[in-house]
Structure formats: C-alpha cells, structure tokens
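# Structural description and commentary
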Amino acid sequence: MAKKDKKAAGPGEEFYENPEVLAEKLSKTEELLEKNKNVVFGVLVLIALIVAGFFGFNYYKENQNNIAQTEMFQAVYYFEADSLNKALNGDGNSYGFLDIIDNFGLTKAANLSQFYAGASYLKLGNYEEAIEHLKSFDSDDIVLQARAYALAGDSYMELGNYYDAIEMYEKAANYKSNEFFSPIYLKKAAIAYEKLNDFEGALKCYTSIVEDYSKSREAVDAKKHKARLENLAS
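Residues numbered from 1 in each chain as written. Predicted model: local features only at pLDDT ≥ 70, side-chain atom pairs only at ≥ 80, totals over all residues. Heavy atoms only, no water.

### A closer look at the overall build of the protein
Filter applied, for reference: Strands here are runs of E lasting at least two residues and helices are runs of H or I lasting at least four, both read from the DSSP assignment and numbered beginning at the N terminus. Only protein chains enter the area calculation, which uses a 1.4 Å probe; residues under 20% of their type maximum are buried, those over 50% are exposed, and those in between are partly exposed. Note on contacts: a residue pair is in contact if any heavy atoms of the two residues lie within 4.5 Å. For every accessible area listed, the method is Shrake-Rupley and the probe measures 1.4 Å; residues are considered covered only by the protein chains on display.
Check the secondary structure of the protein and you find twelve helices and zero strands. The helix and strand sequence of the protein, counted from the amino end, reads α-α-α-α-α-α-α-α-α-α-α-α. When burial is assessed residue by residue, the protein has 35% of its 234 residues classed as buried. Sequence separation of at least 24 residues holds for 45% of the intrachain contacts in the protein that already meet a minimum separation of 6. Looking at the protein as shown, the accessible area adds up to about 15,000 Å², and 55% of this sits on carbon and sulfur atoms.

### Section: the side chain of Ser 208
Within the secondary structure, Ser 208 sits in helix α11 (residues 199–212). Non-local contacts of Ser 208, meaning those with residues more than four positions away in its chain, are made with Leu 186 and Tyr 213.

### Focus: the pattern of salt bridges
Applied cut-off: By convention in these notes, a salt bridge is any Lys or Arg side-chain nitrogen within 4 Å of a carboxyl oxygen on Asp or Glu.
Taken as a whole and assessed by the stated rule, the structure comprises five salt bridges. Close ionic contact of Lys 188 with Asp 154 constitutes a salt bridge, the shortest N to O distance being 3.1 Å. Of this pair, Lys 188 sits in helix α10 (residues 182–195) while Asp 154 sits in helix α8 (residues 144–158); the two residues are 34 residues apart in sequence, bridging distant segments of the chain. A relative accessible area of 25% means that Lys 188 is categorised as partly exposed.

### Structural notes on unusual backbone geometry
Positive phi, normally seen in glycine, also occurs at Asp 82, with a value near 65°. Take Asp 82: it is sitting in the loop between α3 (37–80) and α4 (84–89). Among the residues examined, Asp 82 registers a relative accessible area of 52% and is labelled exposed. Backbone geometry places Asn 197, a non-glycine residue, at a positive phi of 60°.

### Concerning the packing of α8 against helix α9 (residues 162–174)
Stated precisely, the cut-off is as follows: For every element, the axis is a line fit to its C-alpha atoms; helices are fit only across the contacting stretch, and the angle between N-to-C directions ranges from 0 to 180 degrees. For classification, angles of less than 35 degrees are called roughly parallel, those exceeding 145 degrees roughly antiparallel, those between 65 and 115 degrees roughly perpendicular, and all remaining angles oblique. Take the far helix as the reference: if the near one is turned anticlockwise from it by less than a right angle, the crossing is left-handed, and if turned clockwise, right-handed. Three categories are distinguished: nonpolar for Ala, Val, Leu, Ile, Met, Phe, Trp, Tyr, Cys and Pro, charged for Asp, Glu, Lys and Arg, and polar for the others, with Gly belonging to the last.
Relative to each other, α8 and α9 sit at 165°, their axes nearing to 8 Å. With respect to their mutual orientation, α8 and α9 come out roughly antiparallel. The handedness of the crossing between α8 and α9 comes out as left-handed. Here Ala 146, Tyr 149, Ala 150, Ala 152, Gly 153, Asp 154, Tyr 156 and Met 157 of α8 come into contact with α9, specifically with Tyr 162, Asp 164, Ala 165, Met 168, Tyr 169, Lys 171 and Ala 172. For the contact of α8 with α9, the per-class residue count stands at eleven nonpolar, one polar and three charged.

### Digging into α9
The following threshold applies: Helix span is expected to be 1.5 Å times the residue number reduced by one. Comment: arc refers to directions from the helix axis out to C-beta atoms.
Taking 1.5 Å per residue, 13 residues should reach 18 Å; α9 reaches 18 Å between its end C-alpha atoms and fits that length. Within the sequence span of α9, burial applies to Ala 165, Ile 166, Met 168, Tyr 169, Ala 172 and Ala 173. In an axial view of α9, the angular spread of the buried residues amounts to 170°, which keeps them on one side of the axis. Away from its buried face by more than 90 degrees, α9 exposes Tyr 163 and Asn 174. For α9, the elements touching its buried residues are α8 and α10. One or two residues past the end of α9 sits Lys 176, with phi positive at roughly 45°.

Structural data, given as structure tokens:
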C-alpha cells in the first residue's frame, strides 16, 4: 500500500503513520507519569480505599442486619403477645425494639423496629413517643408505610391535635392509594375534620370514598355521612 503524502495527511493521520512521532508522544507521557508518580499513586490508592470501603461497609451493614433480625424475632413475639414492655426493652436475654434501634441503627431491622416501637407506645398510651418512632419509620412498603402514617394520626387524635391527625391520615390515604386501605384512612380523616367542625373537609373525604372507592366496604357508610353533611350545608 502506498504511503499517504505527509503534507496531505491530517494531524491524526500523521500521528498514527509516523512511528517516530508515536515514540515521542509515549516518551513524553512516561516523563509526565514519572514526574507525577506520587500523585498518580496517591489517586490510585484513594480509589482503591473508596472501593474497598464501599464493599466493606455494605458487608458490615448486611452482617449487622442479620444479627438484628435474629434479635428482633423475640421482640416481635412479645409484641404479638401484647407483652409490650418486653417488646420495647427486651427480657434481659434478648434485645427489645429500642435496643435494636440504638445498637443497629443503620439496618433494615432498626427501621422496622421504629414501626413496632411506635405501635407499642400507641397501645401503651405514650402518644408522643409513638409519634416520634412512627415518623422515623421510612419504607416503600404499600401496607406498612401507610399504616405508620395512620397510627401517627391515631396518636395525634388521642392528643386532641386534629390538624396533624388529618395530615397523617391523608398521607396514609394517598400513599400508593388502593381500594383496601385508602377508604379507611379517608374515613378517619373525615372524623378528624368533624372534630374541628370543618364539615366541608369531612364531606370531601366522604365524597372521595363514594366516587373513587365505590367498591370498598366503607362506601355504603360514606354515602350516609355524605348525605348527612350535605343536609347540614343546605
């Protein structure tokens, strides 16, 4: 193959076709690396540490979560048996939900323990503590996250804080809304609205149940309350 005229070649063509140019470029690169070898080495070490730290932390977190899940088994048993103080504080041998939250804070088990702790405090009548833990719980689970909002709403209702109760109930109803749970939470919100004599707000909730969740169990009862409130407004 005939070699291209060097004058006609572009910059890239000249670089690849001329071995002397290539050797010169490589030499300059080697010189640059030699002059900055400490910097290059430091960057490589830093990258290696970041990667090792990432995998090491994930391994540690997963291991901690496995331990916490094992400890949590007994606490859930006490919760379901209504031994709520043991569920919260442990029995001297096994951790309670509060211990798991304190000792395994970055784990999924600790997050779930926030839910259980909040539900336990609500049953015990410690509403402020219930709210604190329920609002600390964070999940994308369609049932549990909405339930946590609703239980926080129940706690606010017990405290007579109807405005915050409404906020929580509406968050529960709107979280991945569905026929099974949203009508229940809307009904709770309607009751809270009526506590504030906000009949328009209550009517809006009942109307939503009737129109958006017509096949739900709550729809029949919601129709009665809707008619009642409409009569009050007329």
